[in-house]
Amino acid sequence: MTCIHTGRGAADLTRFAGDVDALVHDSSDEHRLTALVADRLRALLASDVTLPPEFTQPDADHYVVYPLHIATDGSFSIVSAVWDVGQTTPVHGHETWGVVGIYSGVEHETRYVKPAAPDIPLVATVEHDWHRGQVTICCTTDDDVHRVNCGSETPCVGIHVYGADVGRLPRRWYEPDTGRQHWFISGWATPAGGPER
């Protein structure tokens, strides 16, 4: 396993990554796995884990995703996702499972029915505000389309766990009015003073 984050809070994150690694390699049921990862992430947030400031900094132009931990076999990644006030994602999917916990601020999420075919307008199903300490299973491979934006007057920071190296995974974003799909690879943001990735 490769730990990117060092410094205060690193030991808590390393223990959490070890727990997730064991779960990932012990379960083939995605729904059971995400429920167990959600339990561990809830406990991590309740422990007042501290992320270094460079992993919580927003970018003035767009939301950013910093790598906290990437499994050496690519089986999962733990990331810090940061939205500044007013920032939003496109409507997108992940092509894998994911669990999200809120570290600070408020994440506003809109979920959509995953389209069964291309070029069908998307249907929004539910909106939800996620607050500090709350955890949600954001996606499984059979239910995987949403839009996220900062829902607070301060930046929103989330700790996300995905079932792949999500910064290198080809994923889809959607034009919701038409259902048109586009493929992208998000890449990784580089924390201030950190090595390029």
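This is a predicted model, so every value here is computed, not measured. (Residues numbered from 1 in each chain as written. Predicted model: local features only at pLDDT ≥ 70, side-chain atom pairs only at ≥ 80, totals over all residues. Heavy atoms only, no water.)

### A short note on the state of the cysteines
Spelled out, the test is: For the purposes of this analysis, a disulfide is any pair of cysteine sulfur atoms at a distance within 2.5 Å.
Within this structure, the stated rule accounts for zero disulfides. Between Cys156, a free cysteine, and Cys150, which holds the nearest cysteine sulfur, the sulfur-to-sulfur gap is 5.6 Å.

### A look at the nonpolar core
The criterion, for reference: Nine residue types can take part in a nonpolar core, namely buried Ala, Val, Leu, Ile, Met, Phe, Trp, Tyr and Cys, and a core is a set of them joined through side-chain atoms within 4.5 Å. When accessible area is computed with a 1.4 Å probe and restricted to protein chains, residues below 20% of their type maximum are described as buried, those above 50% as exposed, and intermediate ones as partly exposed. The numbering of helices and of strands both runs from the N terminus, where a helix is a DSSP run of H or I of at least 4 residues and a strand a run of E of at least 2. Two residues form a contact once any of their heavy atoms are found within 4.5 Å.
Ranked by internal contacts, the top residues of the largest apolar core, which has 30 residues, are Phe16, Val37, Leu41, Ile78, Trp97 and Ile159. Those elements that place two or more of their residues in this core are helix H1 (10–24), helix H2 (30–46), strand E2 (64–70), strand E3 (77–83), strand E5 (98–104) and strand E10 (156–162). Not counting residues up to four positions away in its chain, the partners in contact with Ile159 are Leu41, Leu44, Leu45, Val49, Leu51, Leu68, Ile78, Val79, Val99, Val100, Gly101 and Tyr103.

### Some thoughts on the pattern of salt bridges
Test applied: Here, a salt bridge means any Lys or Arg side-chain nitrogen found within 4 Å of an Asp or Glu carboxyl oxygen.
For the structure on display, the rule yields six salt bridges. The salt bridge partner of Glu95 is Arg172, with a shortest N-O separation of 3.0 Å. Residue Glu95 is located in the loop between strand E4 (91–92) and E5, and its partner Arg172 is located in strand E11 (residues 171–174); the two are separated by 77 residues in the primary sequence. Here Glu95 falls in the partly exposed class, since its relative accessible area comes to 26%. A salt bridge links Arg111 to Glu109; the nearest nitrogen and oxygen atoms lie 3.1 Å apart. Here Arg111 matches Glu109 in class, with each residue buried.

### Structural notes on H1
An α-helical segment advances 3.6 residues per turn. Residues three or four places apart therefore align on the same side. To keep things clear, this is the line we draw: Expected span of a helix: the number of residues minus one, times 1.5 Å. This arc is built from the directions going out from the helix axis to the C-beta atoms.
Across its 15 residues, H1 extends 21 Å between first and last C-alpha, which sits within 8% of the 21 Å expected from 1.5 Å per residue. All of the buried residues in H1 are Ala10, Leu13, Phe16, Ala17, Val20, Leu23 and Val24. Projected onto a plane normal to the axis of H1, the buried residues spread over an arc of 140 degrees and lie on a single side.

### Quick look at unusual backbone geometry
A positive phi angle, close to 60 degrees, is found at Asp48, a residue other than glycine. Considering the arrangement of structural elements, one finds Asp48 in the loop between H2 and E2. Judged by relative accessible area, Asp48 falls into the exposed class, the value being 52%. For Glu95, which is not glycine, the phi torsion reads 65 degrees and is therefore positive.

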